Amino acid sequence: MALTMDPHVLARLSAGRLVALVSGTNGKTTTTKLLAAAVGTLSGVVTNEGGANLPGGLVAALAGGSRGVPAVLEVDEGYLGMVAEVARPHVIVLLNLSRDQLDRVSEVRMQADKWRAALSRLASARVVANCDDPLVVWAAGTAGSVTWVAGGQSWRGDSAGCPSCDGHLIYDSGKWACGCGFSRPEPDAWVEDGVLRMKSSRPGFSGDDVAAWPIRLPLPGRCNLSNAAMAISAAALMGAGVKEALSAIASISEVAGRYSLVQVDGVQVRMLLAKNPAGWMELLELLEETKRPSVIAINARLADGQDPSWLWDVPFERLADRFVVASGDRCWDLAVRLTYANVPHTTVPELSRALLSTDGSSIDFAGNYTAFQDLRRYLAGRRPAVLGNTSSQTPIATSTSSPLPGIIADHPGTDPEDRSSKE
Amino acid sequence: MRESVLRVVAVHPELLGTYGDFGNAIVLVQRALWRDIPAEIVEAKSGEPLVRGGDIYCLGGGEDGPQARSALELRSDGALASAISGGAALFAVCAGFQLIGESFTGPDGKRQQGLAILDMRTRRGPGLRAVGELASFASEDLGVDSMSRILTGFENHAGHSDLGAGVAPLGKVLRGVGNGSQASEEGAISGRVIGTYMHGPALARNPALADLLLSWIVGPLDPIEGEIEEETGSLRESVLFGVGDRRRARRRRSLFSKRPFGLRRRSGVAGE
């Protein structure tokens, strides 16, 4: 890795400011953006909005901000312990843990154990943790102070066994417990019918008080309401007013291109990202709200994990009521999966053509990491042609002149925008 | 025509299903249904007695702890071994493959007793984990199309498995590690039992293997025609020859540096 980091640099840049770290398998970038907006109601804020979540990216973000300004940083799961040890965060947000890129990342149970060990050495940090995810609850068990947020968990493929005793976890109406006594903590904050309810996490509240605030969030889906609840709870610990924080996040409608709407030759495309089975469980809920045609693009490059076996963990059967276009480097893996799931589909490897391969004037695009970046870069590259108002000159007609890049990410932590500028 | 429903049992999917291994049960059932053979998936959860009366049992991959727990349960239950001796078929992948042998390495590094369905011993390999594409040449002819003898999958394991004298390898390794033995063996085949290190949707990538398992239960099968065979062909070409991703294919070495068995890259359909 090019940016081998001197921990002292990160320690020095973190000193003298409030630091919040956000980590987990899914929702890091979104929650970081929401939390940064919420903390921004107090003062300026330094953040790594582009998703550069490895130590080098954190150093770059911190070096670009003024001294003393609070920092809200997204951190790769594997680096959380190391970063927290030197950055001495005031708040650590733990979203969820599930299988992701198994060909290069350690087993998810092992990751939870590593978090647990790291948190035991960080007694001063206040942890905001998802009480619906048993692996997160296990990891946060050694922390000095925990605010539990009901952050939801649609994917249970990695938490059938008890992290504490290896017994069976029993799930019942949103709660879970094991015979050994390990069970879901009562949440301090939760979302009910679009209303955020919080217990005693603010100074001046007594333990029994519950306050309720309606959440107005342009970002769609249950997972983003959870991300908002995590972010607002963390912002409150950083000193932000809940009302002000909620009003700040009400203006966020896209996150690094995700959830944004773009026009491509008369087709309106909603851009969505999901990288792993847990992310797909959330995304399927979004897709099911309509029967819009979907273009799904799958790559298996280094930054995605080179083993797309996880496609078989996703219940694509749920898309059987719509038309799907399979695209991306691994479009044939997806096409085969869709056929076995009885989903009507066609296969168009080139993204640019795939978008125009449905009858729909309004479609969903869902890609995994580098497939999503491919589409963003393609859209950025064709913008001049659109402005030139002759759609026939857009590069999509010939695949040879496609601006799609040949080589992409070396790691999700590196900034995609930086990479694209090199090409 | 078969009257009873073909039962495909996914054994302990919550313990042995780390790499989408449930997909193998989906593939078996769909390929039966497409031929008008009634079929269903039965999930056999851990902590409960193993489902009796299954026709094909599937074991998937898993982490060390869950693997040891699954082996312990299945051994004390005993129903899997008796189902196999009663004529049921077994498809076991990765951790599931290891645990049907005589022994394997547990999470504590110690030797664990397996189900002894296969004469095979697995120990921790000397080198790094084997992670990557795995290709092998099947020991027996799996179909009319000679291409189907090339087996393709993805492996991710640290174990080395030595087969006993009475067990044949499923194939000979062309790329990757497989069993890690001197003889470049991959997997095992013995009676109606198939084991392999090709994890995840191995049967989706290798439908000839799926049909072999089905034919053991229901007899000779009609070919499946239509989209799935074309899509599977494109998938196999893309993973075996890299034609699914032409931009990268130029940059990386060919799968078979020596091009064994006279394989040639066919004109690319997948790269279109």
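Reading guide: rules and limits
- Within any chain, residue numbers begin from 1 and follow the written order of that chain's sequence.
- In the order they appear in the text, chains get letters beginning with A and ligands get numbers beginning with 1.
- Restriction of local features to residues with pLDDT of at least 70 applies here, the model being predicted, together with a cutoff of 80 or more for giving and counting side-chain atom pairs; totals for whole chains, interfaces and linings are based on all residues.
- Note that the side-chain values use all heavy atoms of the structure and ignore hydrogens as well as water.
- Throughout, exposure labels follow a simple rule: accessible area from a 1.4 Å probe, protein chains only, divided by the maximum for the residue type, with under 20% read as buried, over 50% as exposed, and the rest as partly exposed.
- Think of it this way: any DSSP run of H or I at least four residues long counts as a helix, any run of E at least two long counts as a strand, and we number them from the N terminus.
- Should any heavy atoms of two residues lie within 4.5 Å, those residues are considered in contact.
- Computed with a 1.4 Å rolling probe, the buried area is the accessible surface lost when two parts are put together, summed over both parts.
- For salt bridges, the criterion is a side-chain nitrogen of Lys or Arg within 4 Å of an Asp or Glu carboxyl oxygen.
- By the criterion applied in these results, polar contacts are pairs of N or O atoms within 3.5 Å in which, for protein atoms, one can donate a hydrogen and the other can accept it, and in which residues neighboring in sequence qualify only through two side-chain atoms.
- Strand pairing is assigned whenever DSSP detects at least two bridges linking the two strands.
- Axis geometry follows a simple rule: fit a line to the C-alpha atoms, using only the stretch in contact for helices, then measure angles between N-to-C directions, giving values from 0 to 180 degrees.
- Note on angle classes: values under 35 degrees are labelled roughly parallel, values over 145 roughly antiparallel, values of 65 to 115 roughly perpendicular, and the remainder oblique.
- Here a crossing is called left-handed whenever its near helix is offset anticlockwise from the far helix by less than a right angle, and right-handed whenever the offset is clockwise.
- Classes in brief: Ala, Val, Leu, Ile, Met, Phe, Trp, Tyr, Cys and Pro nonpolar; Asp, Glu, Lys and Arg charged; the others, Gly included, polar.
- Under this rule, positive means Lys or Arg and negative means Asp or Glu; His and the chain ends count for nothing.

Draft legend 1. Helix α3 (residues 55-63) of chain A, seen in detail. Residue and element names in this part refer to chain A. Of all 9 residues in α3, 7 are buried, a share of seventy percent or more. The set of residues buried in α3 consists of Pro55, Gly56, Gly57, Leu58, Val59, Ala61 and Leu62. Buried residues along α3 sit in contact with α1 (7-14), β2 (46-47), β3 (71-74) and α4 (80-87).

Draft legend 2. Structural context of the interface of chain B and chain A. Contacts between the two partners involve 39 residues from chain B and, on the opposite side, 34 residues from chain A. A combined buried area of about 3400 Å² lies between chain B and chain A, and 51% of that area is made up of carbon and sulfur atoms. Joining chain B to chain A, the criterion identifies 0 salt bridges. Between the two partners, chain B and chain A, sit 11 residue pairs in polar contact (both at pLDDT 80 or more). Within the residue set of the side of chain B that touches chain A, elements represented by two or more residues are α1 (22-33), α2 (64-77), β8 (130-138), β9 (150-157), α5 (202-205), α7 (227-241) and α8 (246-249) of chain B.

Draft legend 3. Local environment of the sheet that holds strand β1 (residues 6-11) of chain B. Residues and elements named next belong to chain B. Taken together, 6 strands build an open sheet; the order of strands is β2-β1-β3-β4-β14-β13 and the sheet is mixed. With partners counted over all chains shown, the strands left at the sheet margins are β2 (39-44) and β13 (188-190), one partner each. Each adjacent strand pair in this sheet contributes to an overall mean axis angle of 15 degrees, direction not counted. As paired elements, β1 and β2 share 6 bridges and run parallel to each other. In the sheet register, Val11 faces β2, and the bridge partner there is Ala44. Across the sheet, α1 is in contact with β1, β2, β3 (56-59) and β4 (89-93); its angle to β2 comes to roughly 160 degrees.

Draft legend 4. Inspection of the packing of helix α10 (residues 331-340) of chain A against α7(B) at higher detail. Look at α10(A) against α7(B): their axes get within 8 Å of each other, and the N-to-C directions meet at 155 degrees. Taken as axis vectors, α10(A) and α7(B) run roughly antiparallel relative to one another. You can see that α10(A) and α7(B) cross each other, and the crossing is left-handed. Contact residues: α10(A) offers Trp332(A), Asp333(A), Ala335(A), Val336(A), Thr339(A) and Tyr340(A), while α7(B) offers Ile228(B), Glu231(B), Thr232(B), Ser234(B) and Leu235(B). Looking at the contact of α10(A) with α7(B), its residues break down into 6 nonpolar, 3 polar and 2 charged.

Draft legend 5. Main features of the side chain of Glu231(B). Here Glu231(B) is to be found in helix α7. Within the buried core, Glu231(B) has no salt-bridge partner, and the shortest N-O distance to an opposite charge, that of Arg31(B), equals 9.6 Å. Those residues in contact with Glu231(B), other than ones at most four positions away along the chain, are Trp332(A), Ala335(A), Val336(A), Thr339(A), His345(A) and Thr347(A).

Nothing here speaks to function; it is geometry throughout.
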